[in-house]
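Okay, here's what each chain looks like letter by letter:
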Amino acid sequence: MTVDSSAARKPRRSAAGKAGTTGSKTGTTGDATGATGTKRTTRTTRSTAKKSTETELVQLLTPEGKRVKNAEYDAYVAGITPEELRGLYRDMVLTRRFDAEATALQRQGELGLWASLLGQEAAQIGSGRATREDDYVFPTYREHGVAWCRGVDPTNLLGMFRGVNNGGWDPNSNNFHLYTIVIGSQTLHATGYAMGVAKDGADSAVIAYFGDGASSQGDVAESFTFSAVYNAPVVFFCQNNQWAISEPTEKQSRVPLYQRAQGFGFPGVRVDGNDVLACLAVTKWALERARNGEGPTLVEAFTYRMGAHTTSDDPTRYRGDEERAAWEAKDPILRLRRYLEASNHADEGFFAELETESEALGKRVREVVRAMPDPDRFAIFENVYADGHALVDEERAQFAAYQASFADAEGGH
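No experiment lies behind these values; they were computed from the predicted model shown. (Residues numbered from 1 in each chain as written. Predicted model: local features only at pLDDT ≥ 70, side-chain atom pairs only at ≥ 80, totals over all residues. Heavy atoms only, no water.)

Let us look at the overall build of the protein chain. The helix and strand inventory of the protein chain stands at 13 helices and 8 strands. Out of the 413 residues in the protein chain, the part that is buried amounts to 50%. In the protein chain, the proportion of contacts linking residues at least 24 apart, taken out of those at least 6 apart, comes to 77%. When the accessible area of the protein chain is evaluated, it comes to approximately 19200 Å², of which 50% is carbon and sulfur surface. (Helix = DSSP H or I, 4+ residues; strand = E, 2+ residues; numbered from the N terminus. Buried < 20%, exposed > 50% of the residue type's maximum accessible area, 1.4 Å probe, protein only. Contact = heavy atoms within 4.5 Å. Areas by Shrake-Rupley, 256 points an atom, 1.4 Å probe, with all protein chains shown as cover.)

Two residues of an α-helix separated by three or four positions point the same way, owing to the 3.6 residues in each turn. Burial analysis of helix H3 (residues 121-130) places 9 of its 10 residues in the buried class, the great majority of the element. Residues of H3 that are buried include every one of Glu121, Ala122, Ala123, Gln124, Ile125, Gly126, Ser127, Gly128 and Ala130, and no others.

Another point: the packing of helix H2 (residues 82-107) against helix H9 (residues 276-291). Think of two packed helices as two axes; the pair is described by the angle between the axes and how far apart they sit. Where H2 contacts H9, the axes come no closer than 11 Å and their chain directions differ by 105°. Regarding the angle of H2 to H9, the classification is roughly perpendicular. Contacts between H2 and H9 involve Leu85, Leu88 and Met92 from the first element and Val276, Leu277 and Leu280 from the second. Here the residues of the contact of H2 with H9 are counted per class, giving 6 nonpolar, no polar and no charged. (Axes fitted to C-alpha atoms, helices over the stretch in contact; angles between N-to-C directions. Parallel < 35°, antiparallel > 145°, perpendicular 65-115°, else oblique. Nonpolar A, V, L, I, M, F, W, Y, C, P; charged D, E, K, R; others polar.)

Note that Arg337 resides in helix H11 (residues 332-342). You can call Arg337 partly exposed: its relative accessible area is 24%. Counting along the chain gives 251 residues from Arg337 to Arg86, while the straight-line C-alpha distance between them is 8.9 Å. Ignoring any residue separated from it by four or fewer positions in sequence, one finds Arg337 in contact with Tyr89, Glu348 and Phe351.

Here we take up the packing of H2 against H3. For the pair H2 and H3, interaxial distance at closest approach is 10 Å and the crossing angle is 130°. By the angle class used here, H2 and H3 are oblique. Judged by the sense of rotation from one axis to the other, the crossing of H2 with H3 is right-handed. The residues of H3 that touch H2, namely those facing Leu88, Asp91, Met92, Thr95 and Arg96, are Glu121, Ala122, Ile125 and Arg129. In terms of residue class, the contact of H2 with H3 is made up of 4 nonpolar, 1 polar and 4 charged. (Left-handed = near helix turned anticlockwise from the far one by under 90°.)

Within the span of helix H10 (residues 321-328), buried status applies to Glu323, Arg324 and Trp327. Along the long axis of H10, the arc covered by the buried residues comes to 95°, so they all point the same way. Each element contacted by the buried residues of H10 is listed here: strand S5 (243-244) and strand S8 (297-302). (Arc of directions from axis to C-beta.)

A few words now on the pattern of salt bridges. Going through the model one piece at a time under the given rule, you end up with 24 salt bridges. Note that Glu110 and Arg162 form a salt bridge whose closest N and O atoms lie 2.9 Å from each other. Here Glu110 is found in the loop between H2 and H3, whereas its partner Arg162 is found in helix H5 (residues 158-162), with 52 residues between them in sequence. In this structure, Arg335 and Asp272 form a salt bridge, with 2.9 Å as the shortest nitrogen-oxygen distance. Here the residue Arg335 occupies a position in helix H11, and Asp272 occupies one in strand S7 (residues 268-272), the gap between them amounting to 63 residues. Owing to a relative accessible area of 5%, Asp272 belongs among the buried residues under this scheme. Linked by salt bridges that have partners in common, Arg97, Glu101, Glu359 and Arg366 make up one network. (Salt bridge = Lys/Arg side-chain N within 4 Å of Asp/Glu carboxyl O.)

This next bit is on the nonpolar core. Counting residues in each nonpolar core, the largest one holds 67 residues, and the members touching the most others are Tyr89, Leu158 and Leu336. Sorting elements by how many residues they give to this core places H9 first, with 11 residues. For Leu158, the residues in contact, after removing those within four places along its chain, are Phe98, Ala102, Leu111, Trp114, Val365, Val369 and Met372. Counting residues in each nonpolar core, the second largest holds 20 residues, with Phe210, Ala214, Ala232 and Cys238 among its members. (Core = buried A, V, L, I, M, F, W, Y, C linked by side-chain atoms within 4.5 Å.)

This part takes up the side chain of Asn240. Looking at the secondary structure, you find Asn240 in strand S4 (residues 234-240). A relative accessible area of 0% places Asn240 in the buried class. At 3.1 Å, the side chain of Asn240 forms a polar contact with the side chain of Thr249. The contacts of Asn240, once residues within four sequence positions are left out, are Asp212, Thr249, Leu257, Arg270, Glu300, Ala301, Phe302, Thr303 and Tyr304. (Polar contact = N/O pair within 3.5 Å; in protein donor to acceptor, adjacent residues only side chain to side chain.)

So, on to the packing of aromatic side chains. Following the criterion strictly, the structure yields 28 aromatic pairs and no others. Aromatic side chains Tyr89 and Phe350 sit 6.1 Å apart centroid to centroid with 50° between the ring planes, which places their arrangement in the tilted category. Note that Tyr89 is positioned in helix H2 and Phe350 in helix H12 (residues 348-371), a separation of 261 residues in sequence. Both residues of the pair, Tyr89 and Phe350, count as buried. A ring pair is formed by Phe264 and Phe266, whose centres lie 6.5 Å apart and whose planes are at 35°; its orientation type is tilted. On the accessibility criterion, Phe264 (29% relative accessible area) is partly exposed. It is Lys330 that lies over the ring of Trp327; its NZ or CZ is 4.3 Å from the centre. Positioned over the ring face of Phe351 is Arg337, at 3.7 Å from the centre of the ring. (Phe/Tyr/Trp six-rings, centres within 6.5 Å; stacked < 30°, edge-to-face > 60°. Lys NZ or Arg CZ within 6 Å of the ring centre and 35° of its normal.)

Okay, here's the thing in C-alpha cells:
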C-alpha cells in the first residue's frame, strides 16, 4: 500500500513531526490583536498556532520508542503490565492486517468502497482500550480499530461496504453504534445519548469519533454547545489526520483544533495520535472526567492518514511523498515495537506467533467476504416513495438496460 510519486505535484508544507512532549489539558488561544494591519495579524496568528503545535502535544512514547515522563498523565498508564503492552501491540498489528486485506478486497472488486485507517492505529486502539464495557461509542466509518476493541467481529464491518446490509452488528450488543457515513452527525447522536445517560444517573460515559474535516460541520458545533450547556458525559475524539480528503488542516482552522473547546466552555487537549500509550492515558482521563460529572472534553489525536481518504481517492494529486515519509518515521506500530524490544517485554517468538495469527486473520476475512452474496443492484430504487414514482420507474428501466448491455457485450465475445 504505497503512494506513487508525481513530479508535477506541488505539495503543501507539512507540520509533521514538529511537536514536543509537554502536555497541557487546556491550551491558550492563538489570536493576535492590536493595531497592526491585516497581513501582519494573519502572520502572527499562524505563528502562534504553530507554536501551540510545538509545545502542547501530550506524548509518552517517542517515535524512537523511548518512554518520556508526563506529570499529568503518567498515572493513567502507571499500572500497565508487559502483557497489556503486548496486547496493545497485537491490537494494532491485527487491525492493520485486517485493514490491508479489506483494501485489497476492494481493489479486487469484492467491496464497493473502503476507508482505510492505515497510520491511525494508535489513536483508535489507545482510545478504544480506554473505554469501559458500559461506555457507549459513536463511530464514523473508519473506526475499525475501535470496533476491534469493542469486540465487533471485523468481518461484520464489511457487509455494508459490499452493499449487502446496512450494518452487520447489533449496536446494543457491544455498545458500539453502527458506522455513520454522514459527516459529523454522530456527534449529535452521542450528545443526546450522553444527556440521557446523565438523566438516568448511570455511571458511564459516551465517546464520539470524528475527523478534522468533520470539525467544520455545524453538527459538531451544535454538539459542543449542547454538551457544554447540559454538562453531558461525552468525550469528543477528533482524529486529525491532516487531510479532509484533499483539504489540509490549515485551510480548515486558524487555531489548533483542540483549542476550539475553550469557546464552548470545556477543556481540549492535543495528544500524539501515533503514541498508543498517550492516547490511552488521555482518553482515560477524559472519560473519567465525564463519569465524574465534569462534562465534555475534546481530544484531538494528532495523527496522519497514510493511505487514501477512501479507495476512490488518489492522494498523490494533493500531497507529497516527503510528507508521508516524515510520518512513516513516526509509525505507531514500529514505535511500540521498539519500546517492547528495548524493555525486554517481547521476544522474537511473540512477534513470529503474531505474524502467524495475522495471516490467519487475513485468510478468514477473504473467505468470509467471498462467501457473501452479491449486492442487489436494484435495491437503490426501492423504498424511495411509498407508492412508487414514474421517474424512479424510468430510472430503474434505464439502469436495467445499462446492466444488460454488459451481458450482451460478453455474449458477443
